[in-house]
Amino acid sequence: MTKRILLVEDDATTLKYVADGFTAQNYQVVSATDGQEGLTLAKHNQYDLLILDRMLPKLDGLTLLSALRTSGNKTPVLILSALSHVDERVKGLRAGGDDYMTKPFAFAELLVRAEKLVQRNVIEPAATDIEVGGLKMELLTRKVTLDENELMLQPKEFQLLKYLMEHPNQVISRTLLFEAVWDYHFDPRTNVIDVHIAKLRRKFEELGHGELIETVRGAGYRLCKGH
């Protein structure tokens, strides 16, 4: 079934960029250019995700969000804002936002974050393993094999690889990996992601597959599905 997104954004360029991107990914996008219109649409229609700007005419984004949550609306909300200070991110999350991205942004990362929020509301049987090409991960036993050869991974290496395997062939930013695996906000001064990626690569190289994790300069990392 096609997923529906409500996009509330007053900047015409950003609105078109985001709407076109999600439409190309087979989402149905409904848009509003001010907060009052966005609130009306959100209250009277069903959506799988709301992508919300902070600074909107007629009704600001946080007021819209608070009104939705007060009415019992539990639609996942991803805030997309030029307000990038940590205090502003905290305000957005405390108001009921499920995620917060700052402008400028890469659509590839926005797509991954949106997919994560949409999937959170879908009740499906829990997967017991993930397989990408010759790479297999058994979630219950935490066993990882590459072409039937078992890989011995540390806990964070396992979590990092799991996240990459859940998004094969997608460029995942260092920020997103850091938040997903370490569960706190990214410190640009740390090289912890690079260290763990290097460790995973060395283990793949020992089995002749050093190319499995690709570095996309300035963007992040990608687990290549074919190897």
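Residues numbered from 1 in each chain as written. Predicted model: local features only at pLDDT ≥ 70, side-chain atom pairs only at ≥ 80, totals over all residues. Heavy atoms only, no water.

**Q** What is the right way to read the pairing of strand 5 (residues 99-102) from this model?
**A** On a regular strand, one side chain projects to one face of the sheet and the next to the other, so that they alternate. Strand direction decides the pairing type here: strand 4 (residues 77-81) and strand 5, joined by 4 bridges, are parallel. Across the sheet, the residue bridging to leucine 78 is aspartate 99, located in strand 5. (Pairing = 2+ DSSP bridges. Helix = DSSP H or I, 4+ residues; strand = E, 2+ residues; numbered from the N terminus.)

**Q** Would you mind showing me how to read a negative patch on the surface here?
**A** There is a patch of like negative charges on the surface, built from Asp129, Glu131, Asp147 and Glu148. Tracing the chain through its elements places aspartate 129 in strand 6 (residues 129-132). (Patch = residues over 30% accessible without salt bridge, like charges linked within 9 Å, V, L, I, M, F, W, Y side chains within 5 Å. Areas by Shrake-Rupley, 256 points an atom, 1.4 Å probe, with all protein chains shown as cover. Salt bridge = Lys/Arg side-chain N within 4 Å of Asp/Glu carboxyl O. Lys, Arg positive; Asp, Glu negative; His and termini not counted. Charge placed at Lys NZ, Arg CZ, Asp CG, Glu CD.)

**Q** Looking at this model, I keep getting lost on the nonpolar core. Mind explaining?
**A** Nonpolar side chains in soluble globular proteins tend to end up buried together. Within the largest apolar cluster, 30 residues are counted, with the highest numbers of intra-cluster contacts made by Leu135, Leu161 and Phe204. Here the element with the most residues in this core is helix 6 (residues 155-166); it accounts for 6 residues. (Core = buried A, V, L, I, M, F, W, Y, C linked by side-chain atoms within 4.5 Å. Buried < 20%, exposed > 50% of the residue type's maximum accessible area, 1.4 Å probe, protein only.)

**Q** Mind showing me how you'd approach the confidence of the model for the protein here?
**A** It should be kept in mind that the predicted coordinates are not to be read in detail where pLDDT is low. Model confidence for the protein is summarised by a mean pLDDT of 88, while 93% of its residues fall at 70 or above. The lowest-confidence element of the protein is helix 7 (residues 174-182), averaging 80 in pLDDT; the highest-confidence one is strand 1 (residues 4-8), averaging 96. (pLDDT = per-residue confidence, 0-100.)

**Q** Can you walk me through the packing of helix 6 against helix 8 (residues 192-205) in this structure?
**A** In helix packing, the relevant descriptors are the interaxial angle and the interaxial distance, both defined with respect to the helix axes. Interhelical geometry of helix 6 versus helix 8 gives an angle of 85 degrees and a closest axis separation of 10 Å. In terms of orientation, helix 6 and helix 8 fall into the roughly perpendicular class. Seen from helix 6, the contacting residues are Lys156, Glu157, Leu160, Leu161 and Leu164; seen from helix 8, they are His196, Ile197, Lys199, Leu200, Lys203 and Phe204. Taken together, the residues that form the contact of helix 6 with helix 8 break down as 6 nonpolar, 1 polar and 4 charged. (Axes fitted to C-alpha atoms, helices over the stretch in contact; angles between N-to-C directions. Parallel < 35°, antiparallel > 145°, perpendicular 65-115°, else oblique. Contact = heavy atoms within 4.5 Å. Nonpolar A, V, L, I, M, F, W, Y, C, P; charged D, E, K, R; others polar.)

**Q** Which parts of the structure should I look at to understand unusual backbone geometry?
**A** Negative phi values dominate among residues other than glycine, just as trans dominates among peptide bonds. Here the residue pair lysine 103 and proline 104 is connected by a cis peptide bond, since its omega of -5 degrees sits within 30 degrees of zero. Within the secondary structure, proline 104 sits in the loop between strand 5 and helix 5 (107-120). The phi torsion at asparagine 26 lies on the positive side, around 70 degrees, for a residue other than glycine. Given the relative accessible area of 61%, asparagine 26 is considered exposed.

**Q** Even after reading the chapter, I still don't get the sheet that holds strand 7 (residues 135-138), so can you show me in this structure?
**A** Consider a sheet: its strands pair through backbone hydrogen bonds, and that pairing is either parallel or antiparallel. Read across the open sheet, the 4 strands follow the order 6-7-8-9; overall the sheet is antiparallel. In this open sheet, the two edge strands, each paired with only one partner strand, are strand 6 and strand 9 (149-151). On average, each strand axis in the sheet is tilted by 20 degrees relative to the strand beside it, whichever way the strands run. One ladder, built from 4 bridges, connects strand 7 with strand 8 (residues 143-146); its direction is antiparallel. Bridge assignment links lysine 136 to a residue of strand 8, and that residue is threonine 145. Lying on the sheet, helix 6 is in contact with strand 6, strand 7 and strand 8; it crosses strand 7 at an angle near 120 degrees.

**Q** Can you help me understand the pattern of salt bridges in this one?
**A** Where charged atoms from two side chains of opposite charge come close, those side chains can pair. What the rule picks out here adds up to 13 salt bridges. We note a salt bridge from lysine 103 to glutamate 9, for which the minimum N-O separation is 2.8 Å. Of this pair, lysine 103 sits in the loop between strand 5 and helix 5 while glutamate 9 sits in the loop between strand 1 and helix 1 (12-24); the two residues are 94 residues apart in sequence, bridging distant segments of the chain. Classification of lysine 103 as partly exposed rests on a relative accessible area of 22%. In this structure, the salt-bridge partner of lysine 58 is aspartate 34, at a minimum N-O distance of 3.8 Å. Placement of the pair is lysine 58 in the loop between strand 3 (49-52) and helix 3 (61-70) and aspartate 34 in the loop between strand 2 (28-32) and helix 2 (35-44), with a sequence separation of 24 residues. Within the structure, one salt-bridge network assembled from shared partners comprises Glu9, Asp53 and Lys103.

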